[in-house]
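Summary of the model geometry
For reference, the chains in residue letters:
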Amino acid sequence: MIIDDSFIKKIEEMGYKRLCFISRNYRNITASGNKAKIDNEITLEKMGATNIGLSRTFFKNKVATFFLDLLGVLRFTFCVRRGDLIVLQYPIKKYFEYLCKVAHTKGATTMVVIHDLGAFRRKKLSIMRERHRLAKADMVIASNEAMRLWLKDSGLTNTTTPLGLFDYRSQSPLPAAAKCKDADTAAAHTIIYASALGMRKNAFLLKWHDCCPSLPLYVYGKAKDMPALADVEDVTIKGFMPADQFIASINDGWGLVWDGDSTESCTGNFGEYLRYNSPHKLSFYLRAGLPVIVWSQSATAHIVTHLGIGMAIDNLSQIKDIVDGVTAEDYLSIKKRVAEVAVKLNSGGFLKTAITESLG
């Protein structure tokens, strides 16, 4: 593994002795949250960081997971040193406050990267309790600017920096911003939706033909989890496809980020969470080279429009007219910008930038 010594030199100049993190056992490496955390660990390793937990493992057994994670926390307790800068990935079940307390007792500094907030989608924590937990860290990297502002308005006074997008590493080739051939025109005017299917999150798909007649939608997910979708006109269920295979082969069209049961706006706990969260799915589409379509009220809408890598819409019925109005030249221009972002995602660029900005 090639290590970037320049970052280690920078943090040493700032008075830190080591850049550190704690790994864990990942039972399901296909879950978006786990994938994002693993990618961040790889980025930290390439930045020269030291893992002061146990080695990263992938046992599926729950009991093994419990004991391996516990042993990792115990090892952290004995290995953390004065002057360490420790990057923690939130949430950490049961152990977050303990790790922060141990780090501070030993004279180390903690920086937390937020992947998910329990006060929102899962409603497992009150806002006050979430804020109390995050206040234990010295620095916080929020998923995006909307989340940063929400944390500030909720009373969090820590130094807080937005991440923007979660990085996405893949062994598949990076997207090439090739010319849009005539044969690709139809593909460039189709919509791609990849998701773990279910009525709680994806019921809007059943209304696709009503709001977007004659606009092809290709759904990548397990059909058995949403059988009624097979009868919806203009929807083609492609089935589940491994992430790296998808990235290597699905390079034309528009990746749709939309949750809930409505075509008018994103609704429900999953939909409302888009106002504050940066979906891992968005990074997945971009890494594959797909321009994206996001809800205009989502936290990532500004990022998408600012970078020129897609479009933000108020409701799904707007998609057809907008996509039909995109010329081959327009689409090529967007794809070129997407390809540039994909390079940054694949190299951990968003995390590197956020850590650097957090340190000032």
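Look a little higher up for the structure.
Scope of this entry: the structure provided in the associated data block.

Next up on the list: the sheet that holds strand β1 (residues 18–21). What the six strands build is an open sheet, ordered β2-β1-β3-β4-β5-β6; its pairing is parallel. Every other strand in the sheet has two partners, leaving β2 (50–51) and β6 (159–162) as the edge strands with one partner each. Sheet topology places strand β5 (residues 139–142) next to β6; four bridges connect them, and they run parallel. Note that in β6 the partner of M139 across the bridge is T159. Helix α6 (residues 145–153) contacts β4 (109–114), β5 and β6 of the sheet and is inclined by roughly 160° relative to β6.

Mapped onto the elements of the fold, A354 is located in helix α15 (residues 349–359). Of the residues examined, A354 reaches a relative accessible area of 1% and is grouped as buried. Separated by 194 residues in sequence, A354 and T160 place their C-alpha atoms 9.7 Å apart. Once residues lying within four places of it in the same chain are set aside, the contact partners of A354 are I141, T161, P162 and L163.

This brings us to the packing of helix α3 (residues 62–79) against helix α4 (residues 96–105). Closest axis-to-axis distance for the α3/α4 pair is 9 Å, and the angle between their directions is 15°. It follows that α3 is roughly parallel to α4 by the angle criterion. Note that α3 runs across α4; the crossing there is right-handed. In contact with V73, F76 and T77 of α3, α4 contributes Y98, L99, V102 and A103. A class-by-class count of the residues in the contact of α3 with α4 yields six nonpolar, one polar and no charged.

On to the environment of D314. Tracing the backbone shows D314 in the loop between β12 (310–313) and α13 (319–324). When near neighbours in sequence (up to four residues on either side) are disregarded, D314 contacts W258, E264, S265, W295 and S296. Side-chain polar atoms of D314 contact the side chain of S296, separated by 2.6 Å.

Counting across every chain of the model gives eleven salt bridges. One salt bridge connects R129 with E97, and the closest N-O pair in it is separated by 2.8 Å. Taken as a pair, R129 in helix α5 (residues 127–134) and E97 in helix α4 lie far apart in primary sequence, 32 residues in all. For R129, a relative accessible area of 34% corresponds to the partly exposed category. For E97, a relative accessible area of 22% puts it in the partly exposed group. K224 is paired through a salt bridge with D225; the nearest N and O atoms lie 3.2 Å apart. Judged by relative accessible area, which is 35%, D225 ranks as partly exposed. Several salt bridges share partner residues, and in doing so they unite E41, E45 and R56 into one network.

Attention now moves to unusual backbone geometry. Cis geometry marks the peptide bond from Y90 to P91, where omega comes out at 5°. Secondary-structure assignment places P91 in the loop between β3 (84–90) and α4. Phi is positive for S214, which is not a glycine, with a value near 70°. With respect to the helices, strands and loops of the structure, S214 is situated in the loop between α8 (208–211) and β8 (217–220). Since its relative accessible area comes to 56%, S214 is described here as exposed. Within the chain, D234 stands out as a residue other than glycine whose phi angle is a positive 75°. Tracing the sequence through the fold places D234 in the loop between β8 and β9 (235–237).

Parameters and conventions
Residues numbered from 1 in each chain as written. Predicted model: local features only at pLDDT ≥ 70, side-chain atom pairs only at ≥ 80, totals over all residues. Heavy atoms only, no water. Pairing = 2+ DSSP bridges. Helix = DSSP H or I, 4+ residues; strand = E, 2+ residues; numbered from the N terminus. Contact = heavy atoms within 4.5 Å. Axes fitted to C-alpha atoms, helices over the stretch in contact; angles between N-to-C directions. Buried < 20%, exposed > 50% of the residue type's maximum accessible area, 1.4 Å probe, protein only. Parallel < 35°, antiparallel > 145°, perpendicular 65-115°, else oblique. Left-handed = near helix turned anticlockwise from the far one by under 90°. Nonpolar A, V, L, I, M, F, W, Y, C, P; charged D, E, K, R; others polar. Polar contact = N/O pair within 3.5 Å; in protein donor to acceptor, adjacent residues only side chain to side chain. Salt bridge = Lys/Arg side-chain N within 4 Å of Asp/Glu carboxyl O.

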